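Here is how the chains run, residue by residue.
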Amino acid sequence: MEAIFTSSPEYNFEFKELNDYKCELLIKGVDRYHKITHSLQIAGLLKWPVVKPFIQGICDTMGLDVLLDIKVLRFDPDSTCSYHVIVSGK
């Protein structure tokens, strides 16, 4: 998952827990998708965070039987965001 976001220098990662059964982290920075959709005036048409279905699709494609929980902790008008992410085994 980090490879997806590290292509975007707008994000910083803070790992809270990482082991064989669970990965818990905070993702902070500027959500480029939010920024773009705001400039196009379509942000209200999407459910945030839009990256959750993308990450779930990657897990499904890789055959990973995991639970994915992403909560929005902060979302400011300038697209500054903070997400709490937990990926754990079922």
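See the structure shown above.
Treat the numbers as computed from the prediction; the structure is a model and nothing was measured.

(A) Geometry of the sheet that holds strand S3 (residues 66-75). Read from one edge to the other, the open sheet built from 4 strands follows the order S1-S2-S4-S3, with strand pairing classed as antiparallel. Both edges of this open sheet fall to strand S1 (11-18) and S3, since each of them pairs with a single strand only. Averaged over all pairs of adjacent strands, the angle between their axes in this sheet comes to 15 degrees, without regard to strand direction.

(B) Structural context of the side chain of His34. The residue His34 is located in helix H2 (residues 32-39) in this model. On the basis of relative accessibility, which here comes to 7%, the residue His34 falls in the buried class. A polar contact is formed between the side chain of His34 and the side chain of Ser79, at a distance of 2.8 Å. What His34 contacts, discounting residues up to four positions off in sequence, is Trp48, Phe75, Asp76 and Ser79.

(C) Highlighting H2. For H2, the N-terminal cap is Asp31; the gap from its side-chain oxygen to the backbone nitrogen of Tyr33 is 2.9 Å. The positive-phi residue at the C-terminal boundary of H2 is Gln41, with phi of around 60 degrees.

(D) Up close: the environment of Cys23. Mapping Cys23 onto the fold places it in strand S2 (residues 22-30). The class of Cys23 is buried, set by a relative accessible area of 15%. Sequence separation between Cys23 and Ile86 is 63 residues, and the spatial gap between their C-alpha atoms is 5.7 Å. Excluding its chain neighbours within four sequence positions, the residues that come into contact with Cys23 are Phe15, Glu17, Leu18, Val85, Ile86 and Val87.

(E) Just unusual backbone geometry, in detail. One non-glycine residue, Gln41, lies in positive phi territory at about 60 degrees. Along the chain, Gln41 falls in the loop between H2 and helix H3 (51-61). Note on Gln41: relative accessible area 73%, which makes it exposed. Despite not being glycine, Ser79 has its phi angle at roughly 75 degrees, a positive value. Given the relative accessible area of 2%, Ser79 is considered buried.

Scoring rules and cut-offs
- Residues numbered from 1 in each chain as written.
- Predicted model: local features only at pLDDT ≥ 70, side-chain atom pairs only at ≥ 80, totals over all residues.
- Heavy atoms only, no water.
- Pairing = 2+ DSSP bridges.
- Helix = DSSP H or I, 4+ residues; strand = E, 2+ residues; numbered from the N terminus.
- Axes fitted to C-alpha atoms, helices over the stretch in contact; angles between N-to-C directions.
- Buried < 20%, exposed > 50% of the residue type's maximum accessible area, 1.4 Å probe, protein only.
- Polar contact = N/O pair within 3.5 Å; in protein donor to acceptor, adjacent residues only side chain to side chain.
- Contact = heavy atoms within 4.5 Å.

Everything listed here is a matter of coordinates, which is why it stays silent on function.
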